[in-house]
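So the chains spell out like this:
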Amino acid sequence: MSTLDESQQYLATLATLLKQTIDPRTRKQAEAELTTAEQQRLDFPIAVLQLVASEGSEQIIRQASALFFKNYIKRNWVPEDDSNKLTDENREWIKENIVNILVGVPNYLQYGLIDSVVIIAKNDFPENWPNLIKQLISKLSTEDFSRNNIILETAHSIFKRLRNQLCVKSVLRAILSITIDVLITQNSANGSLIGILTQTLLFLTKIFYDLNCQDLPPFFEDHIEECMNIFHKYLTYSNPFLESSDENEAGPLEKVKSSICEVVSLYTGKYEDTFTMLPKFVETIWTLLTTTRLEQKYDVLLSRAMGFLTTVVKLERYRNLFENTETLKQFCERIILPNMSLRASDEELFTEDPIEYIRRDLEGSDSDTRRRAATDFVRGLMILYLQQITQIIGSYITHYLQRYKENPALWKEKDTAIYLLTSIAAQGSATKVSNDIRKLVAICDLLTSNIFLPFQHGVTQVNVFVNVVEWFSTNVLPDLQTPVDSEPAVLKVDAIKYLYTFRNQMSKDQLIAVFPSLIKHLSSTNYVVHTYGAIAIERILFMRKDNVMIFGPSDIQEHVQILLVSLFRLIEAGTTPETLAENDYLMKTIMRVIFTSRESIAPLAPEVIGHLSKILGEISKNPSNPRFNHYVFESIGALVRFCCPDKPQALALFENSLFPSFDFILRQDVVEFIPYIFQILSQLLECHTEHDLPQMYRDMLPGILMPNIWNSPGNVPALVRWLQAYLYRGSASIVAENQLVPILGIFQKLLASKANDQYGLELLTTIVEHVPIGHLDQYMQPILTLILRKISSVTGQKNKNEKFIMGFVNFFCYFIALEKEGGGPDYLISATENIQSGLFSQILNNIIISNLQKVQGELPRHICAVAMTHLLTHSNTMLTTEFIEHWPNILTALIKLFEAPVEIDNEVKTEEQFYDFDLEEDREFSAAFAKLATASKPKQDPTGVTNAKFYLAQSVQTLSRTHPGKISDMVEKEIPTECNLYLGQYMAAAGLGIMDHDLRRLLNLQYYRIVKFRQMFHRPFPHGDIFLQKRQSVIDHMQILGAKQVFLTAKWGPNSLYRLIEQGPDNGEDPMRILNIDWYPPGWRERVKKVSLTAQLPPKPNLPVYLTTNTQKIDSTMVNNQPPSFQTTAPNLRSQTMQFPNNLNPSIPPQSAQTRQNLQYQPNTEKRRQKMSQNSQRKNLVDKDPKADCEREKHQLKSLMEKYGSNTKVSEDLDTQATLIRRKIEKLTAHIKSKELQVSPRPQQQQQQTPPQPQVKPVRNPAELSLWQSFFTLLWIPFQILFQLLRVIYRALNWNLILISLLFVELGVIALIWGVRRSSYNSAYSDPYEAVIHGTYGIEQSSLWSTLFWSSMEIIQDFFGECANLIPSIKDKGVITLHKLDGSQAFPLLYDYLLSLRQRLSPTYARRISIGLAGEDMAFASRIILKTELLDYWLV
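**Student:** Requested: an account of the overall build of the protein, with residues and values cited.
**Tutor:** Looking only at helices and strands, the protein features 69 helices and six strands. Taken over 1436 residues, the protein has a buried fraction of 51%. Across the protein, contacts joining residues at least 24 apart in sequence account for 77% of those joining residues at least 6 apart. Total accessible area computed for the protein in this model is approximately 68,500 Å², and 53% of it derives from carbon and sulfur atoms.

Structure (structure tokens):
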């Protein structure tokens, strides 16, 4: 047989199989054979596409081929597992030929191929399909507009999903080349062609919207006037050939006008500055709204037009155009009121298709109807004209209510009044949606301004000028109190909907009072009335406050039976499976009643499960409503959850009632219900309390282990859930019957699938939890090998599978946290190292530690924390030489998990999550698989640890005692400071003593701070603020590091603190008593005394007393020999430190303004003045040790900032201090410049705040002083003459021209130098201080002009820095002059002024100054600042 004949025979076989898929009797067998054919032939998709294009094939075969090809592409273009059924050759062939086939097949085949093109483009365009747009454009024709419409519809389907602008210019050129406007004008009388051309215009308008949705491309901006003129023309265009004869169906021209309204709304909201034709469109659309008739076919057009006006009236710049009362009245009378009233078509829908009326009214699907658009328009007007619109519409409401009272036959007037009241009263609703949906809604609201979310959670914000509760009592409640079947029924619905909408504004007692009226309306014969009653009941029971359900079992217990009886009666009134499942609102109310009743539903459970089994049996014959089906199974799951645990009789009753329906569903292969059945069966199995598996479940297990049942994607999550139930109840039976290996095979199959790998890890976690380690030992190495290979593959991909990586982190931690017999951390380390030496270290560093902070969920984080604690403290292997280096990194990562978890999710902790389940909120619902909230297994903590932080503290202390010195040294030397402080806090909170290194650090810290105090107090510029911060830092460190009781700030001054540390309180008590050492473990007291006695403290200085009020308190306390007050609560470290790893824990906490106000000097005695004068003349103010400590702190700060970034509290404190005294800086600067750097004494008022240090001046003979003055005056005369001569020359020259010339020359040189220097720096930092700390020079800009501009600015800035280097004489003179300043006045101001100049200095100086400040090298900083100040003076 030739190759051609073989190919023809293959196509004939495929055609036969595809034809058989249409017949229900042969469908399953044909689909199975097609699945086999997919795996046998690589050219299978090409053959199917050839059948679609084959003109000689039957129509039914071509239709089946197009449908099968679309589903094949959907399944296999992006494979779910590692197997790739589509080769690269086949992919390229399909992309090259599918467009040609698309335009050549009949219309009934084109839509399936369009979907296929869109699926491929979604994944490959534009990177892997760059010529798609060229292919589409090449098929455009100037004659065949039907083909053009197919091409344009395909392009619209692609752009609508991708919003891609890479090919905008070519698309627009092709669009403009069609000259559709000219063609429509030429063929306006051609009835057969004008409709096709209008359809082309519609697609062009939609593509225009797609390509402008994200941003305004330059091509559109250049042609905006041309395009907008065409749009404006067709807003007013009319043609009798384009008018629709159907009053309910919009014609092509109405659709074009609606699309144009969307475009102008988009331009109004996003491109207002470019859209200069806006006033012209406002006038045109106003005319359109006031002249269009009330037929239903115009609903979409008018709603889009009102959406455009809604966008316009929200703009502040046009406020003066609409704020006139007459203009607002015109809006109400001519737009809002006509579109708010009930029309005949609405009444017809209310009667003929009530379920559609309800869905449009409640679910927000009526966003394109007049009433919804008018309501949105009212709310748009209320943004800027709230009070005016409320008054205007309020007057119409009063008018309509008065007319209804005078003549009840005018019930439509009251219906309109209720809608008007709702539109002005409701200003905000709470609708729980995903983040992506929120962003989409926000974007759509910005673009179209007509998005109105349904009140799924009721109105949360109301108009302050409307009392909705009082209005309900006066005008709405009477309609609820009339007989249930009284007319008109519309007012009954309006009353119930009003209660449904404003339920959040009513109290619980008010809702309970009106509850019987709602139940009464369930007996109404009107379909809409009893459905609205059920909806209102369900939403009221669903109400929450602070994530806690408001209504409980006791609130509805007396109504439960009548509620369920009425609801089941209404549902079972359906005579066919379709009509029975039509009203999902009734089934949802039944589910909510069961949820709210909880365990109190048990007496009614037999009757309820009987009704549910009957309903399930009927709808399984023809499933038609997925929502109704889901609510049925949720109700069954809730009954099992509440009534079956620990109740064998109830469990047997449920199984006997449900199993017949389950058996029918499984035998008939009702694929929609099978995942639900598996979830319910797993729930029933877990309720059994026998020691062994029940026989009927044991018989089902072999069927679950068959590979074929796992091929359906929808079955996988439910089957995993069922296998977990088997392992939970019968792991011993599974191991005994050798069924563990098939389960591990299923794990391997799931792990290989990209879509199901996370379910494989969930199954493995359950296996590890319930199967003894001895039975898993032989499989553990292959299991870990498979997982590591999977991780290696996903990490090498362009888009990493973060979900799988985090699943592995959870499994890794779960295994260690269990600590089963024979398991634990050492077992896992050994199993990993047996695969490859050093593999565990790689896993630990590259996967576990790096992703530990990303763990989501409170329980998973808790398990991971316990696991890391076990790895640190329960593993002997981790303390060996090979792995000890990882110990500090694990502890650091664990503390970061406690204090700075990434993307903390908001979990409901007060109640189980299924109580507030709502299908509208839960987006896991899908056609393939829908997870049952009630059938999910409750999360349990397998660790038995209550508080993970306390557990860590206890375990680390125990380990420290077991290995004396080893653990404490690692914690002290290798753990970051902030993590070390948190660890000390955990120990203090757990009631534990502090570690060895903590005691040493505490004493060393006290010693170091006292030295710093001496350094500060001996200087001639004592600064009370810095002293108080230093002292408070000591207290904070003592508190953080584990002291149970701490000094209060107001009770201890510097003398008392020094005396406390050196010799204890005045009463002779042990100094360590203040630190409550008796509270620590035995033996620590002597160790502390020894460390205290050996500490070499400096001589006790005669310190000045700064705190007058506090000092008096201290003295009185010390005289009376009373112990100081203690603080017993641990500090909130989050208030003192920012979250790491991006910041540090500052040693100086922020200081309050009140504390600064209390800092005042006291008059000093003469003895103290002499002492301070002597100290001020010393050159070396600090001993060598404090200088070394200072230098170490400087380098440590620099290294930490390089490690964690520069967004630290240190930088924030510096900037804060610079801002607080900026005014003082300016005064000092002006004073220095005006006096030529000769600083005079400050005013008396300032001296009271910061008095100068007294200086001892030598007494001189007046005659000697006069002689010297005369001598220096004679010497100064030549200098004065020279100065005057230079000033004359200076004023005579054109210095501006000279300086400008020099500046440009210098700029040119500097530009060349810095251009070369900057070429090596391309690092980008997100924080403004980071470049300063690292010494780099900023971010390379992407824009050329932006780069040139900022480079010029920086070059000018650097020029001044270079000029400063060229004036050494100024530098030297500046240093000499600085020493003439009074330190008590100058230093605090210079300290902070230096900070404010950081942005003005060149990058080099900015870096040096920042490092100098970190080490408190004020001499260097002072030279820099004075040099900068002199530079300003000379250049001004």
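Now that the structure is up, let's keep going.
**Student:** So what's going on with the pattern of salt bridges? Which residues, and what values?
**Tutor:** Note on pairing: side chains with opposite charge can pair once their charged atoms come close. As enumerated under the stated definition, the model contains 35 salt bridges in all. Here Arg-403 and Glu-413 are joined by a salt bridge, their closest N and O atoms 3.7 Å apart. You can see Arg-403 sitting in helix H22 (residues 386-406) and its partner Glu-413 sitting in helix H23 (residues 411-425), a full 10 residues away along the chain. For Glu-413, a relative accessible area of 16% corresponds to the buried category. Between Lys-949 and Glu-899 there is a salt bridge, and its shortest N-O distance comes to 3.4 Å. Taken together, the residues Lys-949 in helix H47 (residues 948-962) and Glu-899 in helix H46 (residues 887-899) connect sequence positions 50 residues apart. Given a relative accessible area of 27%, Lys-949 falls into the partly exposed group. When salt bridges with common partners are traced through the structure, they connect Asp-299, Arg-343, Asp-346 and Arg-370 into a single cluster.

**Student:** Outline the side chain of Lys-790, supporting the account with residue identities and numerical values.
**Tutor:** By the secondary structure assignment, Lys-790 is in helix H41 (residues 773-795). Taking the relative accessible area as the measure of exposure, Lys-790 reaches 8% and is therefore buried.

**Student:** Before we move on, could you go through the packing of aromatic side chains and cite the residues and values that matter?
**Tutor:** Each aromatic ring pair is specified by the distance between its two centres and by the angle formed by the two planes. For the coordinates displayed, the defined rule picks out 29 aromatic pairs. Measuring from centroid to centroid gives 5.8 Å for Phe-44 and Phe-68, while their planes differ by 80°, and the two rings are edge-to-face. You can see Phe-44 sitting in helix H3 (residues 44-53) and its partner Phe-68 sitting in helix H4 (residues 59-76), a full 24 residues away along the chain. Phe-44 gets classed as buried once you look at its relative accessible area, which sits at 1%. Taking the centre distance of 5.2 Å and the plane angle of 55° together, the rings of Tyr-234 and Tyr-237 count as tilted. Using a relative accessible area of 16% as the deciding quantity, one classes Tyr-237 as buried. Put simply, the rings of Phe-208, Phe-219, Phe-220, Phe-231, Tyr-267, Tyr-271, Phe-275 and Phe-281 touch in pairs and so form one group of aromatic residues. A cation over a ring is seen here: Arg-91 above Trp-77, with NZ or CZ 4.8 Å from the ring centre.

**Student:** Please give an account of the nonpolar core that cites residues and values.
**Tutor:** Tyr-267, Leu-763, Ile-787, Phe-808, Phe-812 and Met-868 are the most contacted members of the largest nonpolar core, which totals 338 residues. No other element matches the 13 residues that helix H42 (residues 802-818) contributes to this core.

**Student:** Can you explain the environment of Leu-410? Please cite residues and give values.
**Tutor:** Within the fold, Leu-410 resides in the loop between H22 and H23. Sequence separation between Leu-410 and Tyr-400 is 10 residues, and the spatial gap between their C-alpha atoms is 9.0 Å.

**Student:** Can you break down unusual backbone geometry residue by residue, with the values?
**Tutor:** Phe-125 connects to Pro-126 through a cis peptide bond whose omega is 0°. Note that Pro-126 resides in the loop between helix H6 (107-124) and helix H7 (132-138). Glu-487 connects to Pro-488 through a cis peptide bond whose omega is -5°. Relative to the assigned elements, Pro-488 resides in the loop between helix H25 (468-481) and helix H26 (489-501). In this structure, Asn-547 takes a positive phi of about 60° despite not being glycine. With respect to the helices, strands and loops of the structure, Asn-547 is situated in the loop between strand E3 (544-545) and strand E4 (548-549).

**Student:** Account for a negative patch on the surface, naming residues and giving values.
**Tutor:** Together, Glu-348, Glu-352, Asp-353 and Glu-582 line one region of the surface with negative charge. Positionally, Glu-582 belongs in the loop between helix H31 (577-580) and helix H32 (584-597). You can call Glu-582 partly exposed: its relative accessible area is 31%.

**Student:** Give a detailed account of a nonpolar patch on the surface, specifying residues and quantitative values.
**Tutor:** Residues Leu-1282, Leu-1285, Leu-1286, Ile-1289, Tyr-1290, Leu-1293, Trp-1295, Ile-1298, Leu-1299 and Leu-1302 make up a contiguous nonpolar surface patch of about 940 Å² in total accessible area. For the nonpolar patch, the elements supplying multiple residues, two or more each, are helix H62 (1262-1292) and helix H63 (1295-1318). Per-element accounting of the nonpolar patch gives the leading share, five residues, to H62. Following the sequence through the fold, Leu-1299 ends up in helix H63.

**Student:** Account for the packing of helix H38 (residues 715-736) against helix H40 (residues 757-770), naming residues and giving values.
**Tutor:** Viewed as axis vectors pointing N to C, H38 and H40 meet at an angle of 0°, and their least axial separation amounts to 9 Å. When the interaxial angle is binned, H38 and H40 end up roughly parallel. Taking contact as the criterion, the partners of Val-716, Pro-717, Val-720, Leu-723, Gln-724, Leu-727, Tyr-728 and Ser-731 in H38 are, on H40, Tyr-759, Glu-762, Leu-763, Thr-766, Ile-767 and His-770. When its residues are assigned to classes, the contact of H38 with H40 shows nine nonpolar, four polar and one charged.

**Student:** Before we move on, can you summarise the packing of helix H43 (residues 825-835) against helix H44 (residues 839-851) with the specific residues and values?
**Tutor:** Direction vectors running N to C along H43 and H44 enclose 115°, while the axes themselves pass 7 Å from each other. The orientation of H43 with respect to H44, classified from their angle, is roughly perpendicular. Here Ile-829, Thr-832, Glu-833 and Ile-835 of H43 come into contact with H44, specifically with Leu-839, Phe-840, Ser-841 and Ile-843. Across the contact of H43 with H44, the residue classes break down as five nonpolar, two polar and one charged.

**Student:** Please provide a residue-by-residue account of the confidence of the model for the protein, values included.
**Tutor:** When pLDDT is averaged along the protein, the result is 74; 66% of the residues meet or exceed 70. Taken together, the stretch residues 996-1169 has pLDDT below 50 and engages in 288 contacts with residues farther than four places along the chain or on a different chain. Contacts of residues 1366-1388 to residues separated by more than four positions or lying in other chains number 33 contacts, the stretch itself having pLDDT below 50.

**Student:** How would you summarise the environment of Ile-556 if you had to cite specific residues and measurements?
**Tutor:** Among the structural elements, Ile-556 can be located in helix H29 (residues 553-556). Along the primary structure Ile-556 and Phe-515 are separated by 41 residues, whereas in three dimensions their C-alpha atoms are 9.2 Å apart. Residue contacts for Ile-556: discarding those within four places in its chain leaves Phe-515, Leu-541, Val-593, Thr-596 and Ser-597.

**Student:** Break down helix H33 (residues 605-619) for me, citing the residues and quoting the values.
**Tutor:** If you check H33, its first and last C-alpha atoms are 21 Å apart, about what 15 residues at 1.5 Å a residue would give, namely 21 Å. Here H33 has its buried residues at Ala-605, Val-608, Ile-609, Leu-612, Ser-613, Ile-615, Leu-616 and Ile-619. Buried residues along H33 cover an arc of 165° about the axis, so they all sit on one side. The secondary structure elements touched by the buried residues of H33 are helix H30 (560-571), H31, H32, helix H34 (626-643) and helix H35 (648-667).

**Student:** Explain the state of the cysteines residue by residue, including any values.
**Tutor:** Going through the model one piece at a time under the given rule, you end up with zero disulfides. In this model Cys-644 remains outside any disulfide bridge; the closest cysteine sulfur is found in Cys-687, 5.2 Å from its own.

Quick notes on the rules
Residues numbered from 1 in each chain as written. Predicted model: local features only at pLDDT ≥ 70, side-chain atom pairs only at ≥ 80, totals over all residues. Heavy atoms only, no water. Helix = DSSP H or I, 4+ residues; strand = E, 2+ residues; numbered from the N terminus. Buried < 20%, exposed > 50% of the residue type's maximum accessible area, 1.4 Å probe, protein only. Contact = heavy atoms within 4.5 Å. Areas by Shrake-Rupley, 256 points an atom, 1.4 Å probe, with all protein chains shown as cover. Salt bridge = Lys/Arg side-chain N within 4 Å of Asp/Glu carboxyl O. Phe/Tyr/Trp six-rings, centres within 6.5 Å; stacked < 30°, edge-to-face > 60°. Lys NZ or Arg CZ within 6 Å of the ring centre and 35° of its normal. Core = buried A, V, L, I, M, F, W, Y, C linked by side-chain atoms within 4.5 Å. Patch = residues over 30% accessible without salt bridge, like charges linked within 9 Å, V, L, I, M, F, W, Y side chains within 5 Å. Lys, Arg positive; Asp, Glu negative; His and termini not counted. Charge placed at Lys NZ, Arg CZ, Asp CG, Glu CD. Axes fitted to C-alpha atoms, helices over the stretch in contact; angles between N-to-C directions. Parallel < 35°, antiparallel > 145°, perpendicular 65-115°, else oblique. Nonpolar A, V, L, I, M, F, W, Y, C, P; charged D, E, K, R; others polar. pLDDT = per-residue confidence, 0-100. Expected span 1.5 Å × (residues − 1). Arc of directions from axis to C-beta. Disulfide = S-S within 2.5 Å.

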